[in-house]
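Inside the fold
Listed below, chain by chain, are the residues.
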Amino acid sequence: MSFVNPWFLIGALAAGIPILLHLIKRAHARRIEFPTLAFLRRISKKTIRYQKLRHLLLLLLRVLAFLLIVFAFMRPYREKAAPVAAVGKLTTAHIIVLDNSLSMGYQDRWARAKKAATDIIGRSSPDDKVAVLQFSDRTVASTQLTNDFSDALDRIESMELSDRSTRYGQALRAAEKVALDAGTGKRIIHLISDFQKNGWMAEDRDFRLSAGIELQHVDVGSDDFSNLTIRDVHVSESDQSADNEIRIKASVANFGNIDRKNIQVALLVDGRSVAEKRVDVAGGGSQGIEFQLPGLISGTHPVILEVDDPYLTRDNKFYMAIEARGKTPVLVVESNDAGGPRSSGFFLLKALNVDALSPYKLTEASPQSLTVSGRLIIWNDVPGGTAAMQKKLQDFVKGGGGLAVVLGGAAQSADFNRSFGSWLPVRIDGSGAPESLSKGRSFDSYVLMTDIRTDHPIFQPFSRPHSGSFSSARFFRHARISVGAGAEVPARFDNGDPALVAIHVDKGRVLVFASSADDSSNDLPLKAVYAPFWQQVLRYLENFQERRHWLDVGETMAPKKLLLGAALRQAKGSLDADESVVVLDPQKQRISIAPGSDDVAVDKTGFYEIRSMSVNSFVAVNAAARESDLTHGNAEEMTAGWMSSESSVFPQNEHPTAEEQDHRQRLWALLLIAAALFLISELALSNHGLRSRKEA
Amino acid sequence: MNQFQSVPPTTRFLDPVALTRIASLELIARTVVEGFISGLHRSPHLGFSVNFAEYNPYRPGDDIRRIDWKVYARTDRFFIKEYEGETNTSIHLILDCSRSMFYGAHGITKLEYGQFLAASLGYFAFKQRDAVGFISYDEDVVQYVPARGSVGHLNTVLHAIEETHPGEKTDFVKSLVRVSERLRRRGLVVVISDLYDEPLNVMNGLRHLAFRGNDVIVFQILDPVELRFDFRDAAQFVDMETRTEMHVIPDFIRQEYRRVLQNQISEYEKECRKDRMDFCLIDTSQPLDRALFSYLVRREQLY
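Reference entry: report on the structure contained in this document. (Residues numbered from 1 in each chain as written. Chains lettered and ligands numbered in written order. Predicted model: local features only at pLDDT ≥ 70, side-chain atom pairs only at ≥ 80, totals over all residues.)

Attention now goes to the overall build of chain A. Within chain A, the regular secondary structure consists of 15 helices and 34 strands. Looking at the 696 residues of chain A, the share that counts as buried comes to 37%. Across chain A, contacts joining residues at least 24 apart in sequence account for 75% of those joining residues at least 6 apart. (Helix = DSSP H or I, 4+ residues; strand = E, 2+ residues; numbered from the N terminus. Buried ≥ 20, exposed ≤ 12 C-beta atoms within 10 Å, placed from the backbone. Contact = placed C-beta atoms within 7 Å.)

Laid out in structure tokens, this is it:
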């Protein structure tokens, strides 16, 4: 006979409490002066004996019922006799689960953890088997179950810390799988960790190890710690200064109870320290800090915020890839003989050449003097030019350039269809220039641009209420265009004619606007949405994407996609599909990219370099912020929560089925029934006594 | 017993615990008796005096035997003669002052209650122009004030009652035999005691009084706690007279205790009835007028 929960026996001590109380009360019985004891003496001894017996019986019933309940909760079970022949062959499987998350780098935790793992192997008998798993938020089996202890020891010796965060649930699941695969025999999971409180995720709370698997722990953590780290980093480009000043706001967090004073925080740009600040951070608190980056030359720069903390150094640096864009050049091609008081690009230049607000710099050029270069061209209401010119434009777009064709009053259908229509799926219907809908702007005949696809990248910023309305702009004249396959229409006029047509040509993009960019054919330039609309047009044409300044450890990056973006930004054309890409981790070790995949997981803090023949880029990677919080959990409680109530029950040579287990433990139900019967008897007896007293 | 249930509402002023706050025993007696009498304004028990007091005009319903015909002859009007009471009855108040009477669990001891009762009865008797005497005893007679009807004697009696202090053990037979020897005149004897002695001794003592021609009223005074024995926790009980001790678990014996005590009381009732003595059990939470009623009923039977 054994017990599933033998520690419940402690509960039996409580059965002595009523008796103890009785004895204490008897010892401290108060004295009562009473006129005469004559009547008390006359009471028959028999009555007193009966009452005493009754009360003793009640006490006995209560104590017995209580003991039976305790006994039932201990879950007694019958042990099945082990086959004698099998006993000699029994082995123990030791599954060592070693935490190598970033927090284990605190002081000497990692060394102690490895020593604990080594000791476990040292204590194992030669018949035992050992498996070693290392885990953070990812679990890796260093060895499968093996008798080769020296190999396991070598593996432990060569293990290294990771920059990943802790997650116990998946590690225990992996260890449980190894344990279950071990077959018969005793199975012990040795969890060696700093028992970081953050490592126990809410979704793993219901996890319990299977029955028959024992969980032992080695706690190398402690309640006393101090750790500083950089967190809550926010990078913003200043809109107010002309030199594109970049601000970095962050906070220095102090995990731990010790106040830290005069802590140095340094800002490193391109490997050089450019600024330093000193802060005081109270224990358990954080202190905000702000740096202004000096004017950076155009391009992407590695930036590091570093706090001086000797305790856990692996999270002292916060890595960022900050891009200083500079102004993107835009060529506005327009006719020299516009004839009007101002050029047709007048509004475009005024709207987009705003120093502080616009990332673009527009310059005017005539078709005759045009040299196709840069990244963006606005073909502003001028004829299509020669076939050679069209060929240049076509090549420009195919190489990744962006072209906007504006069809103002000067656009001729024959000319457009012959020039642009030869390589774009867009044609102007009818003949000659677009007709004005209203003579002399009588303001009674016009169309509105109402049918707008707000899911299109150009119009997404205008999708929210009060974020800009195009419906107030009136279009008195527009080119009636029809579109073929391969073109999409993000906006139409209310008469159904396309207002804006978007075409992808190889790696570049073309937009055709069916009206003028000045106020000769519409009053859009007089509306508030004019500048943001054209800025959106240019962003779309250059395929601009906001770049994340850093990734977290555990995320994936797409090297080719990143290089493509870098090539576009650096105006180096595009990346060839078959061009080889090399990824180097922060330790300059080459990372192999799986065939057919463009994703690489980043698991080290620092800068990952991505190289190709034509263009280079890099990505900053930081540890998850929660890993820096070293708050220590209660190892006993945590492991007790993970253990099945039957985990330590069948430690020797068997792993019975659930049905067998249930059958062997059936005794507890009988005990509970007996306890219930005792309690019912007690209730009846005490009620009888109570009734008698009430009647008295 | 039913007659006591019709006690008028003024009895609330006769609460024994409330009376303990009054320092003067005479004032207590007067409070009790005057309050009691004011509740008897239609009582048929008044009017057994013999001394003429005054004339009152006849009203329909008055007893025509009480019409003074001489006055009618002189004045041609009917007048009723009113008398003041004056009797030759002597009342002896016998108060047990043994140690057990010093018990009180709710603000008043049995001895205090007995003192109030004795004083009230004395005052009441004095108002009836009866001669009042007082005797206290424990193992023997402690105080003896012979019965007299003079005006100043009431103060002597009340003073003696006030000066009664708890004594030692009770010896009922010895004490009451001594008392009976001293009572030269037959009269009404009121015994106020918890009757804690051997039942045989108690009855022998009482019979001594009764055999000498006295009318005996026995008031057994008990505390409500003595009657109910509603102690909760186990305790060491100490006999107040013998100082012997006994460990008692009240829950075990409560029922039996009550039965034994009730048997004892019933036995006293039965024996007293047999010997033509009045027996009245009073617990100290009851108003004093119940005892006064008992006395009045007995007094009325005498005359």
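Looking now at the overall build of chain B. Scanning chain B from terminus to terminus reveals 10 helices and 10 strands. The proportion of buried residues among the 303 residues of chain B is 41%. For chain B, the share of sequence-separated contacts (at least 6 apart) that also reach a separation of at least 24 residues comes to 76%.

Quick look at the interface of chain A and chain B now. Taken together, the contact pairs 22 residues of chain A with 28 residues of chain B. Where the side of chain A that touches chain B is concerned, the elements lending two or more residues are α1 (17-27), β2 (31-34), α2 (38-42) and α3 (45-73) of chain A. Counted by class, the side of chain A that touches chain B contains 11 nonpolar, four polar and seven charged residues. Relative to strand β8 (residues 235-239) of chain B, β2 of chain A runs parallel, the two sharing four bridges. In the strand pairing of β8 of chain B, F34 of chain A is matched with D239 of chain B. (Nonpolar A, V, L, I, M, F, W, Y, C, P; charged D, E, K, R; others polar. Pairing = 2+ DSSP bridges.)

All names here are of chain A. In this structure, strand β11 (residues 260-269) lies alongside strand β12 (residues 272-281), joined through eight bridges in antiparallel fashion. Considered in β12, the bridge of I263 is made with V279. Counting the residues in the hairpin turn of β11 and β12 gives two residues, including D270, whose phi is positive at 55°.

So, about the sheet that holds strand β34 (residues 616-622) of chain A. Strand-to-strand pairing in sheets goes through backbone hydrogen bonds, with the strands running parallel or antiparallel. Residue and element names in this part refer to chain A. One open sheet holds the five strands; their spatial order is β28-β34-β33-β30-β31, and the pairing between them is mixed. Two strands in the sheet have a free side with no partner beyond their single neighbour: β28 (551-552) and β31 (590-591). Note: strand β30 (residues 582-584) against strand β33 (residues 606-611), three bridges, orientation antiparallel. Within β33, the position partnered with V583 by the bridge is I610.

Residue and element names in this part refer to chain B. Along its 25 residues, helix α9 (residues 250-274) runs 35 Å from first to last C-alpha, staying within 8% of the 36 Å computed at 1.5 Å per residue. Those residues of α9 not exposed but buried are I253, R254, E256, Y257, Y268 and C272. Residue R276 follows α9 closely and has a positive phi angle near 60°. (Expected span 1.5 Å × (residues − 1).)

Residues and elements named next belong to chain A. Overall, mixed pairing links the five strands, which are arranged β6-β5-β4-β7-β8 in an open sheet. The two strands at the open ends of the sheet, each matched to only one other strand, are β6 (139-146) and β8 (213-219). Across the sheet, the axes of successive neighbouring strands diverge by a mean angle of 15°, strand direction being ignored. Note: strand β4 (residues 92-99) against strand β5 (residues 129-135), seven bridges, orientation parallel. Of the residues in β5, the one forming a bridge with I95 is A131. Contacts between helix α5 (residues 109-123) and the sheet are confined to β4, β5, β7 (186-193) and β8, with β4 contributing the most and set at about 175° to the helix. Along the sheet face, helix α6 (residues 149-158) touches β5 and β6 and points at about 165° away from the line of β6. (Axes fitted to C-alpha atoms, helices over the stretch in contact; angles between N-to-C directions.)

This part is about the packing of helix α4 (residues 110-127) of chain B against helix α5 (residues 153-162) of chain B. Each pair of packed helices can be summarised by the angle the axes make with each other and by the distance between the axes. Residue and element names in this part refer to chain B. Axis separation between α4 and α5 bottoms out at 10 Å; the angle between their running directions is 175°. Here α5 runs roughly antiparallel to α4, going by the angle between their axes. Only L154, V157, L158 and I161 of α5 make contact with α4, whose side of the interface consists of Q115, A118, A119, G122, Y123 and F126. Partitioned by chemical class, the residues of the contact of α4 with α5 number eight nonpolar, two polar and no charged. (Parallel < 35°, antiparallel > 145°, perpendicular 65-115°, else oblique.)

Right, let's get into the nonpolar core. All names here are of chain A. Counting 84 residues, the largest nonpolar core has I95, I96, V97, V132, L133, A175 and I192 as the members making the most contacts within it. Setting aside its immediate chain neighbours within four residues, I96 contacts A117, I120, V130, A131, V132, L133, H190 and I192. In terms of nonpolar packing, the next biggest core, distinct from the first, is built from 63 residues, V330, W379, A404 and V505 among them. (Core = buried A, V, L, I, M, F, W, Y, C linked by C-beta atoms within 7 Å.)

Note that every value here comes from positions in space, so none of it alone points to a role or purpose.
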